[in-house]
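Summary of structural features
The lines below spell out each chain.
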Amino acid sequence: MLTRERIEDLIHLRLPETEARRQLTELTPDRVDAEIFAAFLEAMRACGEAVPVPETSVMDCCGTGGSGRPHYNTSTTVAFILAAGGVPVVKFGNRAMSSKSGSFDILEYLGIPAQWDLQRLPEILDACNLVFLYAPQCYPALGRFGQLRREMGIRTIFNFMGPLLNPVYPAYRLLGVSDSKMQRLAADVLAGDGKTRQAWVVYGNGLDEITTDGKTDVLAVRQGSVAKRRLVQVFPGPPQTLDHTPAENAAIFEALVSGADVSSGFHRMVCLNAGAGFSIAGKAGTLEEGMTLAADLLAGGAVRETLDKCRKSYLGKESA
């Protein structure tokens, strides 16, 4: 039986390694229910570091990862676009677990550090409208536990807890989930947390984001209720057969924010997801209006300016 003590022993690696491995194999999505999910979230939140909560309402656009399919760092790019468009963003994230480039892998390549003084959060948010929180810094137990999860190479409950552990409890969320069952559990958590004003929990044809090549199931959370809808977008998408390194993803990012790329599948993907973010946050009346706003911000250089502000705020220097 998974008691609170047993959960904490697993999280803090106080169990023998063989027992920890066995326990993880029993925490795959097909075996997790709402009660177990809630118990693990509560235990993890209890061991987090103190993080200043912004006075303003913020948004997160984090995905769970764990799709097992290579794809570009869409949500990280979306965070820059939303911030450039006037939406305060506090994005929670981690390094790659199953791909070559996670959120903080590409961010460090772009010159934004993973770890910094968390007490500076209000200052950085005020300076550039965008803060990136590194999960293992906010929850040190995750860092110690990460190596074991990487070695095992299976999807467990921990793949799907991440976005829900954002310590500032964003009022607005675009939360991508790579498993349809866990999508419902995540939506129910947000509907019952008393802090989420509006959120989309999306599952896009196996990806933890809105997809450009078929249907995306959306669970829309608003005022404690969950409504289901479906988006269908059929456009040429980014090549999904390539598992990009941080350097390769950074090159794609630079092409997007410099305005050199205005038509690729990557451009369509980030505009689609950013458009949803603008709609959720009330900056656009429709998804289509949000997509147009995202494209204009990329082409006009505002997203590049936000990147420059972030580099200056985190490192105290202008970008090269």
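A short tour of the structure in this document, coming up. (Residues numbered from 1 in each chain as written. Predicted model: local features only at pLDDT ≥ 70, side-chain atom pairs only at ≥ 80, totals over all residues. Heavy atoms only, no water.)

1. Some words on the overall build of the chain
Heads up, the condition is: Numbering of helices and strands starts at the N terminus; helices are DSSP runs of H or I of at least 4 residues and strands are runs of E of at least 2. To sort residues, take the accessible area from a 1.4 Å probe on protein chains only and compare it with the maximum for the residue type: under 20% means buried, over 50% means exposed, and anything in between is partly exposed. Any two residues whose heavy atoms approach within 4.5 Å are treated as being in contact. The protein chains shown are the only cover counted for residues, whose accessible areas, like all others here, come from Shrake-Rupley with a 1.4 Å probe. Only four residue types enter the tally: Lys and Arg on the positive side, Asp and Glu on the negative side; His and the chain ends are excluded. For charged residues, the charge sits on one atom: NZ in Lys, CZ in Arg, CG in Asp, CD in Glu.
Along its length, the chain carries 14 helices and 7 strands. Its C-alpha atoms put the chain at 55 × 45 × 40 Å along the principal axes. Counting across all 320 residues of the chain, residues that qualify as buried make up 57%. Expressed as a percentage of contacts within the chain between residues at least 6 apart in sequence, the contacts between residues at least 24 apart total 71%. In the structure as shown, the chain presents an accessible area of about 12900 Å², 49% of it carried by carbon and sulfur atoms. Each charge sign in the chain was given a centre, from 33 positive and 36 negative side chains, and these centres are 2 Å apart.

2. With respect to the packing of aromatic side chains
Defined as follows: A pair of aromatic rings is counted whenever rings of Phe, Tyr or Trp (Trp by its six-membered ring) have centres within 6.5 Å, and the orientation is called stacked for planes under 30 degrees apart, edge-to-face for over 60 and tilted otherwise. In this scheme, the term charge over a ring applies when either NZ of a lysine or CZ of an arginine sits within 6 Å of the ring centre and within 35 degrees of the ring normal.
Applying the stated criterion across every chain, the model contains 7 aromatic pairs. When the centroid spacing of 5.6 Å and the interplanar angle of 75° are considered together, the rings of W116 and Y314 count as edge-to-face. Note that W116 is positioned in the loop between α5 (103–109) and α6 (121–128) and Y314 in helix α14 (residues 302–315), a separation of 198 residues in sequence. Each member of the pair, W116 as well as Y314, is classed as buried. Sitting over the ring of Y169, K195 keeps its end group 4.6 Å from the ring centre.

3. Some words on the packing of helix α3 (residues 34–46) against helix α10 (residues 180–192)
In plain terms, the rule: In this analysis an axis means a line fitted to C-alpha atoms, helices contributing only their contacting stretch, and an angle means the value between N-to-C directions, from 0 to 180 degrees. Any angle that falls under 35 degrees is termed roughly parallel, while one over 145 is termed roughly antiparallel, one within 65 to 115 roughly perpendicular, and all others oblique. Crossing handedness: left-handed means the near helix sits turned counterclockwise from the far one by under a right angle, and right-handed means the same turn made clockwise.
The interhelical angle for the contact between α3 and α10, taken along N-to-C directions, is 55°, at an axis separation of 11 Å. For the element pair α3 / α10, the angle class is oblique. When the axes of α3 and α10 are compared, the crossing they make is right-handed. Only M182, L185, A186 and V189 of α10 make contact with α3, whose side of the interface consists of A34, F37, L41 and R45.

4. Some details on the packing of α6 against α14
Taken N-terminus to C-terminus, the directions of α6 and α14 make an angle of 150°; their axes are 9 Å apart at the nearest point. Taken together, the axes of α6 and α14 are roughly antiparallel relative to one another. α14 is crossed by α6, and the crossing has right-handed handedness. From α6, I124, A127 and C128 reach across to α14, where they touch T306, K309, C310, S313 and Y314.

5. Quick notes on unusual backbone geometry
One non-glycine residue with positive phi stands out, namely L13, at about 55°. Residue placement: L13 occurs in the loop between α1 (4–11) and α2 (17–25). L13 gets classed as partly exposed once you look at its relative accessible area, which sits at 35%.

6. Focus on the pairing of strand β7 (residues 225–234)
To keep things clear, this is the line we draw: Pairing between two strands requires that DSSP report at least two bridges joining them.
As paired elements, strand β6 (residues 213–222) and β7 share 10 bridges and run antiparallel to each other. From the neighbouring strand, L219 faces β7, where its bridge partner is K228. The antiparallel pairing of β6 with β7 creates a hairpin that spans 2 residues between the two strands, and Q223 there sits at a positive phi of about 50°.

7. Examining α3
Selection rule: To estimate the expected span of a helix, count its residues, drop one, and scale the result by 1.5 Å. What the arc covers is the set of directions going from the helix axis to the C-beta atoms. Polar contacts, as used here, are pairs of N or O atoms within 3.5 Å; protein pairs need one atom able to donate a hydrogen and one able to accept it. Residues neighboring in sequence count only if both atoms are side-chain atoms.
Here α3 spans 18 Å end to end across 13 residues, near enough to the 18 Å set by a 1.5 Å rise per residue. Buried within α3 we find F37, F40, L41, A43 and M44. Down the axis of α3, the buried side of the element spans an arc of 165°, and every buried residue falls inside it. Exposed residues on α3 whose side chains face more than 90 degrees from its buried face are E35 and A46. As for α3, its buried residues are in contact with α1, α8 (140–152), α9 (157–161) and α10. The N-terminus of α3 is capped by D33, whose side-chain oxygen sits 3.2 Å from the backbone nitrogen of E35.

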